[in-house]
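Below are the chains, spelled out letter by letter.
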Number of protein chains: 2
Amino acid sequence: MIRRSRYTSFAAALLIGVSMQCTAAEWGFQPLPFKAPEPADNPSTAAKVMLGKQLFFDTRLSIDNTISCNFCHDVTGGGNGTDSRSTSVGVDGQIGGRSAPTVWNAAFLSSQFWDGRAPSLEEQAKGPILNPIEMGISHEASAVDRIASIPGYQTQFAAIFGGEEPVTYNNIAKAIAAYERTLITPNSLFDQYLRGDKTAMNEKALAGMNEFENLGCIRCHNGPAFAGPITTKGEVFYQYFPANRSIYDELLGLQEDDGVRTGAGDKTPGRWRVPTLRNIALTGPYFHNGSVKTLKKAVRVMAKVQLNRDLTDEQEDNLVAFLETLTGDFTVQRRPKLPDDVL
Amino acid sequence: MIRRSRYTSFAAALLIGVSMQCTAAEWGFQPLPFKAPEPADNPSTAAKVMLGKQLFFDTRLSIDNTISCNFCHDVTGGGNGTDSRSTSVGVDGQIGGRSAPTVWNAAFLSSQFWDGRAPSLEEQAKGPILNPIEMGISHEASAVDRIASIPGYQTQFAAIFGGEEPVTYNNIAKAIAAYERTLITPNSLFDQYLRGDKTAMNEKALAGMNEFENLGCIRCHNGPAFAGPITTKGEVFYQYFPANRSIYDELLGLQEDDGVRTGAGDKTPGRWRVPTLRNIALTGPYFHNGSVKTLKKAVRVMAKVQLNRDLTDEQEDNLVAFLETLTGDFTVQRRPKLPDDVL
């Protein structure tokens, strides 16, 4: 039996700073579509996806040829699309400040990065290449030169994008984004359940789903990716985190990173894009700083810091059982053959 | 440019012993469907698939608890659905006489086993459990007792199949078959090409596709799985192999195993079910005895022994490039938690 959620004042408080009104349909349970949406200016083709996959795996997009997109968003061998580290490692062994979010289903997010600063997969792809502690290329033209100097890439860019200078930074990003739109995990047990197969979820998982709704987790974690409603491009579904002060602030260092500042002074917490819960059982460690290793503890901390609730052991177990049903079908990614430096 | 195939007398000769007439549509190129067909008496549900997956991975279906279905048809870690051995290993280290065919897309075959002796996935699943050199259980009742004694299985069989004795050998096979129907690999580059994305295949692969049709490979390797037309249940699309005498008979031991005997005496070769070419680039070693390691050599041998043709190096390379486009999307299979022996 699933009851409607009860809303208390904290739910309203959490919504400060969110610019859109949500309707019931937007924040209810939704299955993950079998196909990701494509922007009108970057339609997918098999050739573009194959090119993007090569670029995603190519370490030549980093200053010392050591780091590829896949290095931090490992999709091989049933990979979870992250590096499973607390925070990621870039060129020269530099350690970043935030945990790599999974690339799986990023195509269903309305904004990219923990702080939502990129409105599309295309814009996201342009970031890490130029970030000095990630891939460390000095400027866009340098990345373009590297790719354009490889004959096997030249041919592909020319066939796919045409024009006099087919290799551009925008086109590199477009190809990578087209590949990333294939990295989706439909058909989870939860999705099968929503689509009508009532055998897909057991009693424990159903009890967890009920808790998820009644406690109010769903107020932020909704939509097809459990990352908030699909917004207009550029609008970010932000939430304060941690919304309540607790022992976890110090234990887990939750206030050491502000996300996007509100401008309201030091007494307000940072704002963050709501992260997806799809495949959450596989994508630990958890939170922007990777400070929590297990899903059960992540559930406990979230209930405390966002909802100011202390859960029973059974509630936690049920919520974990529910979240485990959000693991979808991963498509095996085989490392592609990359074009040689010279013919 | 794709021309219609030219048929010569050998093609007619190959068809001796095949009981159905094929129409052009049946043996033309066809994409792999996104969903496998289900028999009316064994509809799939999420719960049945989950049960079948557990049974597929459970070594308790072998006499000494060492061999599961997955042992010879490994689907984990991007596995190709075979054991990648020439011929398979069963209980007590016994070595079988034939190479394990891939379980991926077996749902699209009209008959199972190299000699086509099982008309369905359900009937196939019943074979290896009782085969003394495979899983070595002595009789059906013994397999049923083993599974029925495990409380976690009892509960699932009761919920799924009902009745007073829900654990039966038929129901074990039904659950395994339901799981196997999820092991399909749609969306290969070839399929994307057939569905209209002309960027999915390059010139080399297209030249290979042309050769495949013109040489007559398609005469037997047709239908959605390239394993012959979908036949009425129980009808097997047999072909003689090797159809022509050659040095390969001795080099590869091709005549040491007869497949299904024709009853026409020692001068005719054995008959075999036409195997699938889906994912053939990944499923070596090749042939019923696993005597050929590389796809290029398999192409050369097939052209010689079935079509009496000596291919050029370029023809072989093009055919390999074409066959590589038949690799589809594999869904990552994570080893399921199995029910404990006792509560």
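Residues numbered from 1 in each chain as written. Chains lettered and ligands numbered in written order. Predicted model: local features only at pLDDT ≥ 70, side-chain atom pairs only at ≥ 80, totals over all residues. Heavy atoms only, no water.

For the rest of this paragraph, the subject is helix H3 (residues 46–56) of chain B. Burial runs high along H3 of chain B: 10 of the 11 residues are buried. When H3 of chain B is considered as a whole, its buried residues turn out to be Ala-46, Ala-47, Lys-48, Val-49, Leu-51, Gly-52, Lys-53, Gln-54, Leu-55 and Phe-56 of chain B. In this fold, the buried residues of H3 of chain B make contact with helix H9 (189–194) of chain A together with helix H4 (69–72), helix H6 (140–148), helix H7 (151–161) and helix H8 (169–180) of chain B. (Buried < 20%, exposed > 50% of the residue type's maximum accessible area, 1.4 Å probe, protein only. Helix = DSSP H or I, 4+ residues; strand = E, 2+ residues; numbered from the N terminus. Contact = heavy atoms within 4.5 Å.)

All right, on to the relation of the copies chain B and chain A then. One copy of the chain maps onto the other through a rotation about an axis followed by a shift along the same axis. Taken as rigid bodies, chain B and chain A are interconverted by a rotation of 180° and an axial shift of 0.0 Å, the fit giving an RMSD of 0.0 Å. In short, the pair behaves as if placed about a two-fold rotation axis. Closest approach to the rotation axis within chain B is made by the C-alpha atom of Thr-331 of chain B, at a distance of 2.3 Å. (Least-squares fit on C-alpha atoms with pLDDT ≥ 70 in both.)

Inspection of the entire model under this criterion finds 30 salt bridges over all chains. For Arg-60 of chain B, the salt bridge is made with Asp-341 of chain B, and the minimal N-O distance between the two is 2.6 Å. Residue Arg-60 of chain B is located in the loop between H3 and H4, and its partner Asp-341 of chain B is located in the segment after helix H13 (313–324); the two are separated by 281 residues in the primary sequence. For Asp-341 of chain B, a relative accessible area of 49% gives the class partly exposed. We note a salt bridge from Arg-245 of chain B to Asp-249 of chain B, for which the minimum N-O separation is 3.9 Å. Taken together, the shared-partner salt bridges in this structure form one network comprising Arg-98, Asp-115, Arg-117 and Asp-257 of chain A. (Salt bridge = Lys/Arg side-chain N within 4 Å of Asp/Glu carboxyl O.)

All names here are of chain A. Checked against the element boundaries, Val-292 lands in the loop between strand S2 (271–273) and helix H12 (295–307). For the pair formed by Val-292 and Lys-48, sequence separation is 244 residues and the distance between their alpha carbons is 37 Å. Here Val-292 is in contact with Leu-252, Pro-285, Tyr-286, Phe-287, Lys-297, Ala-298 and Val-301, once residues within four sequence places are set aside.

On to the packing of aromatic side chains, then. Scanning the model with the defined rule gives 30 aromatic pairs over all chains in all. Consider the rings of Phe-29 of chain B and Phe-226 of chain B, whose centres lie 6.1 Å apart with planes at 45°: the pair is tilted. In this pair, Phe-29 of chain B is assigned in the loop between helix H2 (24–27) and H3 and Phe-226 of chain B in the loop between helix H10 (203–215) and strand S1 (238–240), connecting sequence segments 197 residues apart. Each residue in the set Phe-29, Phe-190, Phe-212, Phe-226 and Phe-322 of chain A is aromatic and connected to the rest through ring pairs, giving one cluster. (Phe/Tyr/Trp six-rings, centres within 6.5 Å; stacked < 30°, edge-to-face > 60°.)

The subject of this paragraph is empty space enclosed by the protein. Scanning the model with the defined rule gives 4 cavities of 30 Å³ or more in all. Volume-wise, the largest cavity comes out at about 790 Å³. Taken together, 42 residues form the lining of the largest cavity, with His-221, Pro-275, Leu-277, Phe-287 and Met-302 of chain A sitting closest to its centre. Listed by contribution, the elements that provide at least two residues to the lining of the largest cavity are helix H10 (203–215), S2, H12 and helix H13 (313–324) of chain A. Element by element, the count of residues in the lining of the largest cavity is highest for H12 of chain A, at 7 residues. Here the residues of the lining of the largest cavity sort into 27 nonpolar, 12 polar and 3 charged. If you add up the space inside the second largest cavity, you get close to 70 Å³. In terms of lining, the second largest cavity is formed by Phe-108, Leu-109, Ser-110, Ser-111, Ala-225, Ala-227, Gly-228, Pro-229, Ile-230, Phe-237, Arg-273 and Val-274 of chain B. Of the residues contributing to the lining of the second largest cavity, the split by class is 8 nonpolar, 3 polar and 1 charged. (1 Å grid on protein atoms, 1.4 Å probe; cavity = no way out; pocket = protein on both sides within 12 Å on 5 of 7 lines; lining within 4 Å. Points joined across faces, edges and corners; volume = space filled by probe spheres on them. Nonpolar A, V, L, I, M, F, W, Y, C, P; charged D, E, K, R; others polar.)

As a further point, take the confidence of the model for chain A. Residues and elements named next belong to chain A. When pLDDT is averaged along chain A, the result is 90; 90% of the residues meet or exceed 70. In this model, residues 1–26 is a region of pLDDT below 50 whose contacts with residues beyond four sequence positions or in other chains number 46 contacts. What the predictor reports for the complex is a pTM of 0.90 with an ipTM of 0.87. (pLDDT = per-residue confidence, 0-100.)

Residue and element names in this part refer to chain B. Along the chain, Gln-124 falls in helix H5 (residues 121–130). According to the relative accessible area criterion, Gln-124 is buried, its value standing at 14%. Taking the C-alpha atoms as reference points, Gln-124 and Ser-111, separated by 13 residues in sequence, lie 8.7 Å from one another.

Now for the interface of chain B and chain A. On the chain A side, the residues contacting the 17 residues of chain B number 17 residues. For the pairing of chain B and chain A, the buried interface totals around 1400 Å² over both sides, and the portion due to carbon and sulfur atoms is 64%. Our count for the contact surface shared by chain B and chain A stands at 0 salt bridges. Across the chain B-chain A interface, the total number found is 8 residue pairs in polar contact (both at pLDDT 80 or more). Sort the elements by how many residues they give to the side of chain B that touches chain A and H3 of chain B lands first, with 3 residues. Classifying every residue of the side of chain B that touches chain A by side-chain character gives 8 nonpolar, 6 polar and 3 charged. (Buried area = accessible area lost by both parts, 1.4 Å probe. Polar contact = N/O pair within 3.5 Å; in protein donor to acceptor, adjacent residues only side chain to side chain.)

Turning our eyes to something else, we now look at the packing of helix H3 (residues 46–56) of chain A against helix H7 (residues 151–161) of chain A. Residues and elements named next belong to chain A. Here H3 crosses H7 at 145°, and the two axes come no closer than 10 Å. Taken as a pair, H3 and H7 cross one another with a handedness that is left-handed. The residues of H7 that touch H3, namely those facing Ala-47, Lys-48, Leu-51, Gln-54 and Leu-55, are Tyr-153, Gln-156, Phe-157, Ile-160 and Phe-161. Residues of the contact of H3 with H7, tallied by class, amount to 7 nonpolar, 2 polar and 1 charged. (Axes fitted to C-alpha atoms, helices over the stretch in contact; angles between N-to-C directions. Left-handed = near helix turned anticlockwise from the far one by under 90°.)

As a further point, take the nonpolar core. In a soluble, globular protein the nonpolar side chains are often hidden away together inside. Counting residues in each nonpolar core, the largest one holds 66 residues, and the members touching the most others are Leu-55 and Ile-172 of chain A together with Leu-55 and Ile-172 of chain B. Setting aside anything within four residues of it in sequence, one finds Leu-55 of chain B in contact with Leu-61, Cys-69, Ile-147, Tyr-153, Phe-157, Ile-172, Ala-175 and Ile-176 of chain B. (Core = buried A, V, L, I, M, F, W, Y, C linked by side-chain atoms within 4.5 Å.)

One can expect most non-glycine residues to show negative phi and most peptide bonds to be in trans. Omega for the bond connecting Phe-241 of chain A with Pro-242 of chain A falls within 30 degrees of zero, at -10°, which places this linkage in the cis form. Counting through the fold element by element, Pro-242 of chain A comes out in the loop between strand S1 (238–240) and helix H11 (247–252). Of note in this structure, Ser-84 of chain B is not a glycine but carries a positive phi near 60°. Relative to the assigned elements, Ser-84 of chain B resides in the loop between H4 and H5. Look at Phe-113 of chain B: it is not a glycine, yet its phi comes out positive at around 75°. As for its placement among the helices and strands, Phe-113 of chain B is situated in the loop between H4 and H5. Phe-113 of chain B sits in the buried class, given a relative accessible area of 15%.

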